[in-house]
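# Structural characterization, general
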Amino acid sequence: MKRAEFIRSLGLGSSALMAVYCIGTLSSCANEDTPLPVDNGNPNPISNGKVDFTLDLSLAANQALLANGGYIYNGNIIIAKTTSGSFIALSKVCTHQGTTVEYRKDTNDIYCPNHGSRFDITGKVIQSPAPSPLTMYKVEYNAVTAKVRVFEA
Ligand code: FES
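The structure contained in this document is the topic of the report that follows. (Residues numbered from 1 in each chain as written. Predicted model: local features only at pLDDT ≥ 70, side-chain atom pairs only at ≥ 80, totals over all residues. Heavy atoms only, no water.)

## Focus on the sheet that holds strand S9 (residues 125-127)
Keep this limit in mind: By this definition, two strands are paired if DSSP reports at least two bridges between them. Secondary structure counts use DSSP, requiring at least four H or I residues in a row for a helix and at least two E residues in a row for a strand, with both numbered from the N terminus.
The strand order across the open sheet formed by 4 strands is S6-S7-S8-S9, and the pairing between neighbours is antiparallel. Strands with a single pairing partner mark the edges of an open sheet, and in this sheet they are strand S6 (102-104) and S9. Sheet topology places strand S8 (residues 118-119) next to S9; 2 bridges connect them, and they run antiparallel. Residue Phe 119 lies in a different strand from S9, and its bridge partner there is Val 125.

Printed below as a string of structure tokens:
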């Protein structure tokens, strides 16, 4: 369970709890979903107000994307390599109550573990209670350089 999910499961205000958590653990309280290593000269996943980042699949942090069915997160985006080997990138924030969604290779869909919403790999809702689709981003894969670019048009 991720820190944010744990805090939500307690049903308490996140700001107050994060302050207690940070002091209690003496850890840095950077966002657990801070961007993964990228390689495009622009380590920020947002460029000019739009999502635009490139993942180097040779880096250990991104190697889950080498296998069909693997996925990672970068900021608020889930990037997956589907069972058919194509790359997809979608908002990881469930449109119901904001839980982080997961890619499921067995059913080739996006699943929210909180209340069971399901989305297809284009982000379309196929099982409620999610009321609206996940934002989908464009993906370019360069097999020569083994890099995946995720961006908004
Ligand atoms: S938060 Fe995702 S289904 Fe409720």
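Resuming the write-up.
## Some details on the pairing of strand S3 (residues 71-74)
Strand direction decides the pairing type here: S3 and strand S4 (residues 77-81), joined by 4 bridges, are antiparallel. Paired with Ile 72 across the bridge in S4 is Ile 79. Joining the antiparallel neighbours S3 and S4 is a turn of 2 residues, in which Gly 75 adopts a positive phi near 60°.

## Comments concerning the pattern of salt bridges
Filter applied, for reference: Just to be clear on terms, a salt bridge is a Lys or Arg side-chain nitrogen sitting within 4 Å of an Asp or Glu carboxyl oxygen. To sort residues, take the accessible area from a 1.4 Å probe on protein chains only and compare it with the maximum for the residue type: under 20% means buried, over 50% means exposed, and anything in between is partly exposed.
Within this structure, the stated rule accounts for 4 salt bridges. Close ionic contact of Arg 149 with Asp 52 constitutes a salt bridge, the shortest N to O distance being 3.0 Å. With Arg 149 in strand S11 (residues 147-151) and Asp 52 in strand S2 (residues 50-56), the pair connects residues that are 97 residues apart, well separated along the chain. The partly exposed category is assigned to Arg 149, whose relative accessible area is 28%. Its salt-bridge partner being Glu 140, residue Arg 149 comes within 3.8 Å of it at the nearest N-O pair. One connected set of salt bridges, linked through shared partners, spans Asp 52, Glu 140 and Arg 149.

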